[in-house]
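Examining the three-dimensional arrangement
Here's the letter readout for the chains.
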Amino acid sequence: MRLILLGPPGAGKGTQAQRLVDKYGIPQLSTGDMLRAAVKAGTPVGLKAKAVMEAGELVSDAIVNAIVAERFDQPDCANGFILDGYPRTLAQADAVQAMLSERHAELDAVIELVVDDKILLQRIAERAEKAKAAGQPVRKDDDPTIAPERLREYYKKTAPLTGYYYAKGMLESLDGMADVDTVTAAIEGILGKVVKAA
Ligand code: ADP
């Protein structure tokens, strides 16, 4: 199963991806998590990405495509994966296509979680407050001064991907404002059809 979860920051992609990992036994590939790990470890990629991420902007396609291509070849991706937060630009979408063709593999589904902007910003603010209250580190890009920039980046660079996948007949859009279990059930309904059709 090769799945892309599309949607703006705060749409719930990470939460849903985690549930699918447990059910389907395939890994979640979150470029956000990979980049944060690189920043934490102080790798050359991390050093390049840190300031861009903290400003709520997108890291360069070249960097992100390279880390994903490397990840695709790890043994745990042999039966598929859930892409969360990648692709995020049209160039990245073309790169995924190329990476998969090189490996004689295909995407099974592209699922978009649709959520109102105001709710997204509220969810991000709540996530920051919760982390703070629990004494955990707060993501700099969850700060209310930065989160709107992430949303602008989404509309400028990522939202066109819905048209890209719609035109390929692959896009399935779901109400991301329904409760978490309802969204999971809707995703599983779509994936059930994909698996049966395969
Ligand atoms: P969000 O909670 O906004 O969905 P992520 O954890 O997916 O955030 O990503 C956090 C940040 O990491 C992004 O704002 C961006 O700077 C960087 N990033 C993650 N994935 C990508 C990508 N595919 N292309 C470019 N930048 C990315």
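Right, let's walk through the structure included here. (Residues numbered from 1 in each chain as written. Predicted model: local features only at pLDDT ≥ 70, side-chain atom pairs only at ≥ 80, totals over all residues. Heavy atoms only, no water.)

Here's the deal with the pairing of strand S3 (residues 81–84)
Rule in force here: Note on exposure labels: buried denotes an accessible area under 20% of the residue type's maximum, exposed denotes more than 50%, and partly exposed covers the range between, all computed with a 1.4 Å probe on protein chains only. Only DSSP runs of H or I with at least four residues qualify as helices, and only runs of E with at least two residues qualify as strands; both kinds are numbered from the N terminus onward. Criterion used throughout: strands pair if DSSP finds at least two bridges between them.
With burial as the criterion, each face of S3 is covered, one bearing Phe81 and Leu83 and the other bearing Ile82 and Asp84. Sheet topology note: the strand S2 (residues 28–30)/S3 ladder contains 3 bridges and is parallel. In the strand pairing of S3, serine 30 is matched with aspartate 84.

Regarding the sheet that holds strand S5 (residues 171–175)
As a reminder of what qualifies: Axis angles are defined between N-to-C directions and span 0 to 180 degrees, where every axis is a line fitted to C-alpha atoms and, for a helix, only to the segment in contact.
Spatially, the 5 strands line up as an open sheet ordered S2-S3-S1-S4-S5, and their pairing is parallel. For this open sheet the edge positions go to S2 and S5, each flanked by a neighbour on one side alone. Across the sheet, the mean angle from the axis of one strand to that of its neighbour is 25 degrees, orientation sign disregarded. Bridge analysis of strand S1 (residues 2–6) against S3 gives 4 bridges, and the strand direction is parallel. Looking at the pairing, arginine 2 lines up with phenylalanine 81 of S3.

Points about the nonpolar core
Worth spelling out the cut-off: Only buried residues count toward a nonpolar core, which is a set of Ala, Val, Leu, Ile, Met, Phe, Trp, Tyr and Cys residues joined through side-chain atoms within 4.5 Å.
Ranked by internal contacts, the top residues of the largest apolar core, which has 29 residues, are Leu35, Phe72, Leu83, Tyr86 and Tyr165. For this core, the elements supplying multiple residues, two or more each, are S1, helix H2 (31–41), helix H3 (44–54), helix H4 (61–72), S3, helix H5 (90–102) and helix H8 (160–167). Among the nonpolar cores identified, the runner-up in size contains 20 residues, and Leu3, Ile82, Ile187 and Val194 belong to it.

Concerning H3
Quick note on the threshold: Directions pointing from the helix axis toward each C-beta atom define the arc. Contacts are assigned to residue pairs that have any heavy atoms within 4.5 Å of one another.
Within H3, burial applies to Gly46, Ala49 and Met53. Seen end-on, H3 carries its buried residues on one side only, within an arc spanning 75 degrees. Relative to its buried face, H3 has exposed residues pointing more than 90 degrees away, namely Pro44, Leu47, Lys48 and Ala51. In this structure, the buried side of H3 is in contact with H2. Two residues or fewer past H3, glycine 56 is found with a positive phi of approximately 85 degrees.

Brief notes about the environment of glutamate 112
Worth spelling out the cut-off: Between N or O atoms, a polar contact is any pair within 3.5 Å; within protein, one atom must be a potential hydrogen donor and the other a potential acceptor, and residues adjacent in sequence are included only when both atoms are from side chains.
Along the polypeptide, glutamate 112 turns up in strand S4 (residues 109–114). A sequence separation of 50 residues divides glutamate 112 from threonine 162, and the C-alpha atoms of the two residues are 7.6 Å apart. Sequence-distant contacts of glutamate 112, that is, excluding residues within four places in its chain, are made with Leu6, Tyr154, Thr162, Leu171, Glu172, Ser173 and Leu174. Here the side chain of glutamate 112 touches serine 173 through a polar contact of 2.5 Å, side chain to side chain.

Let's talk about the side chain of arginine 2
The criterion, for reference: Positive charges come from Lys and Arg, negative ones from Asp and Glu, while His and the chain ends are left out of the count. Whenever a carboxyl oxygen of Asp or Glu lies within 4 Å of a side-chain nitrogen of Lys or Arg, that contact is scored as a salt bridge.
Note that arginine 2 resides in strand S1. Within the buried set, arginine 2 has no salt-bridge partner at all; the shortest N-O distance to an opposite charge, 4.5 Å, is to aspartate 108. Excluding its chain neighbours within four sequence positions, the residues that come into contact with arginine 2 are Ala78, Gly80, Phe81, Leu100, Ala105, Glu106, Leu107, Asp108 and Ala109.

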